[in-house]
Amino acid sequence: MKYLVCLSMLLILACATERSVDYPIEPVPFTSVTLTDSFWRHRLETNRAVTIPSSLRKCQETGRIANFEIAAGQREGEFQSPFPFDDSDVYKIIEGASYSLATFADVELEAILDELIAKIAAAQEEDGYIMTWRTINPNKPPTTWSGTAERWSDIGGGHELYNAGHMYEAAVAHYQVTGKRNFLRIAIKNADLIASTFGPGKLMSPPGHEEIEIGLVKLYRATGDEKYLQLARFFIDQRGNAQGHELYGPYSQDHAPIFDQDEAVGHAVRAGYFYSGVADIAALTGERKYVDAIDRIWDNVVSKKLYITGGIGARRGGEAFGENYELPNATSYNETCAAIANVMWNQRMFLLKGDAKYLDVLERTLYNGLISGVSLDGDTFFYPNCLAFDGKTPFNQGATTRTAWFDCSCCPSNICRFIPSLPGYFYAQQQDTIYINLYAANEASLRFKGKDVKIIQETNYPWDGKIGITIDASVAEPFAVKLRLPGWAMGRPVPSDLYSYIHTEKVAALLTVNQEPQEIQPRNGFITLTRKWLRGDRIQLDLPMVERQVVAHALVTENVGRMALERGPIVYCAEAVDNAGQISDLALHADSLLQSEYFEHLLRGVVVLNGRAERTDAPNREQDFHAIPYYAWNHRGAGEMAVWLPIVHR
Ligand code: FUB
Ligand code: ZN
């Protein structure tokens, strides 16, 4: 059941967000879309019932919540947890729990949030400052991190502004869903302090870790207060600008102004949040130069730095992007937070430009390198998401399996907040157009041209490409429904030459409206259906879900002579447990036939790809071969795994 947002609050929000310049395309909010499918519905329920409570427990056990109590003087002690930015985990969990309340009313959870928020309020210093690591003992913060006792003494490394950004995102989510201002008040007080401290003629350094830019924009949207928008823009413009601070360098994307950047560099999460913030500023200022900059960087990522799973960040050292085409498999970093940042960025690119190529990257990341980060049971996590594993070498912060928490636990708390926000990625609208961007069984209620429009999707996506869509509109005049035709359904795995299918023959998609066949002529990745929609009009889109063999660009050296497997939006991998205990010497024929089979009781229901493979040490001796969705690997013990398999030629 939907949480009821009170009318007065909606009015406040409507007034606060009335703007002349903004994203040309508006996302349909997550509160308007109810997922009814088995794939995502299960993920959302697990996130609510398991991931959020278990992460809250971890915050309790590791002292992250006690830090607020100590900072508030409610109990004695020193800063408890490992990192100065640990407050942000609590904020992200509150953000996720708030989204979750919008879908599943839960008075107990709401009360827990109010209790936590009261602790945060009590920990906030008189002038709005809050960073428990320093607030607890300003004269002697723990020495395990750079920086000194003084506030803002290490803006490049200290994470004060990073914490603040997560707080603003959480406070706005909580306000939007519950209508309560208790958290929003704390955020505003903190943002006012930061706005009076940073800016032209004041402190001029941008944060070392981007995030506050996104948070400030959300705060601006919720309050209508322009100064938050100006501050977000200031931080973006200051990056790479040596006037006012000593540059931090490429690790923090602070080597050159954004307008002069054309390659994704440095820490991948920072980069993803930065580019998302730049997109927000591009939308809210209408200034082309911001769009051009992130477009160039996007091209660089998509053609040279994107894993087939949609992951970003090749290097463990610096949790960072590598050189062009540097995409190793076993040592790939692909932090779960970076996948989330990549989805956030691509959503914004789509809202700016209306091209489905951004959604192709978004979908690829979502179904593969993002949800691989959390177990099907919702209580264990990957921090890095590698593409090959020898069954022995620890890769997950010292572990060979997903684990319940990390010292630096940014990824679990990011999962807590991302999963329940997912319904907000399905639809968008613009003047006379409704965009259908993602497919899964769901019911959406849109306010469109002043009228109600209901959209019902019936499908077993991502296992089946048949999608039935019912449009229930009371809009009198004609309008356009744009259906995304995924790149994979047009023989193009990514919008670049980084990956391609070996067999390029096309299997056509089919489209009917009220059973009448329609021509499929996509523009910018969308099929446009313009008509006067009548109640109960029915679209049927059949996307060809065939098994695909993929090869990488020749400059991705590790994948030379190898191929990967896909079906629909899902990337596959081979695990030892399904392949006679070993995959390191397994090779596939480029033209080997693969067959799909759905297993209801395996890994919560997956389509498996079955075929034949050869052992490289025993040529011509074939054996059965099975591949499972990459996101579901490592659920049956730690064993060998590979996404890219050697190709044998007959
Ligand atoms: O620095 C805060 C977070 O911790 C980053 O986003 C993650 O990559 C991890 O380093
Ligand atoms: Zn992380």
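The following refers to the structure shown. In this text, all values refer to a predicted model and were calculated from it rather than measured experimentally. Along every chain, residues carry numbers that run from 1 in the direction the sequence is written. Both sets of labels track the order of writing: A upward for chains, 1 upward for ligands. Local features in this predicted model are restricted to residues of pLDDT 70 or higher, and side-chain atom pairs are both shown and tallied only at a pLDDT of 80 or more, whereas totals for entire chains, interfaces and linings draw on every residue. Only heavy atoms go into the side-chain values, all of them from the structure, while hydrogens and water stay out.

1. Let's talk about the coordination of the zinc ion (ligand 2)
Around a metal, the idealised angle for a tetrahedral arrangement of four donor atoms is 109.5 degrees; for an octahedral arrangement of six donor atoms it is 90 or 180 degrees.
Move 1: Each metal site is built from N, O and S donor atoms within 2.8 Å (3.2 Å for Na, K and Ca), and since water is not included, such sites may look incomplete. At the metal site, the zinc ion (ligand 2) is ligated by E335 (OE), C337 (SG), C410 (SG) and C411 (SG), and these contacts range over 2.1 to 2.4 Å.
Move 2: For the zinc ion (ligand 2), the four donor atoms in the first shell make angles of 94 to 119° at the metal, a pattern classed as tetrahedral.
Move 3: Between consecutive donor residues of the zinc ion (ligand 2), the sequence gaps follow E-x1-C-x72-C-C. Pair noted here: E335 is in the loop between α12 (288-305) and α13 (336-353) and C411 is in helix α15 (residues 410-418), with a separation of 76 residues, a long-range link.
Move 4: By relative accessible area, E335 is classed as buried at 3%.
Move 5: Note on classification: 1.4 Å probe, protein chains only; a residue is buried when its accessible area is under 20% of the maximum for its type, exposed when over 50%, partly exposed between these limits. For C411, a relative accessible area of 0% translates into the label buried. All geometry calls rest on donor angles, where a four-donor set with angles between 85 and 135 degrees is tetrahedral, four- and six-donor sets with opposite donors more than 155 degrees apart and all others between 65 and 115 are square planar and octahedral, and all else is irregular. Think of it this way: any DSSP run of H or I at least four residues long counts as a helix, any run of E at least two long counts as a strand, and we number them from the N terminus.

2. As for the layout of surface pockets
To locate leftover empty space, one rolls a probe as large as a water molecule over the atoms.
Move 1: Both cavities and pockets are sets of points on a 1 Å grid over the protein atoms alone; in a cavity a 1.4 Å probe fits but cannot get out, in a pocket the set is open with protein on both sides within 12 Å along at least five of seven lines, and lining residues sit with an atom within 4 Å of a point. Grid points are joined across faces, edges and corners, and a volume is the space filled by probe spheres set on the points. Taken as a whole, the second largest pocket holds about 390 Å³ of empty space.
Move 2: Along the walls of the second largest pocket sit 24 residues, with A330, A388, F389, D390 and M641 positioned nearest its centre.
Move 3: Lys, Arg, Asp and Glu make up the charged group, whereas Ala, Val, Leu, Ile, Met, Phe, Trp, Tyr, Cys and Pro make up the nonpolar group; the residues left over, Gly among them, are polar. For the lining of the second largest pocket, a count of residues per class yields 15 nonpolar, four polar and five charged.

3. As for the site of ligand 1
Move 1: Close to ligand 1 lie F85, H159, Y162, H209, H267, V269, E319, E335, Y383, C408 and C410.
Move 2: In the analysis that follows, any N or O atom pair within 3.5 Å is treated as a polar contact, provided that within protein one partner can donate a hydrogen and the other can accept it, and provided that, for residues neighboring in sequence, both atoms belong to side chains. Here an oxygen atom of ligand 1 and a side-chain polar atom of H159 are 2.7 Å apart.
Move 3: Contacts to ligand 1 include Y383, whose side-chain N or O atom sits 3.5 Å from an oxygen atom. Residue proximity to a molecule or strand is established when one non-hydrogen atom of the residue lies within 4 Å of it.

4. What to know about the sheet that holds strand β5 (residues 433-436)
Move 1: Here five strands make up an open sheet; going across it, the order is β1-β4-β5-β9-β13 and the pairing mixed. In this open sheet, the two strands that pair with only one neighbour each are β1 (26-27) and β13 (526-531).
Move 2: In this analysis, strands are considered paired if DSSP registers two or more bridges between them. Two elements, β1 and strand β4 (residues 427-430), share two bridges in a ladder whose sense is antiparallel. Within β4, the position partnered with E26 by the bridge is Q429.

5. Quick word on unusual backbone geometry
Move 1: The residue after Y461, namely P462, is reached through a cis peptide bond having omega 10°.
Move 2: Among the secondary structure elements, P462 is positioned in the loop between β7 (451-459) and β8 (466-473).
Move 3: Although it is not a glycine, N524 sits at a positive phi angle of roughly 50°.
Move 4: Note on N524: relative accessible area 45%, which makes it partly exposed.

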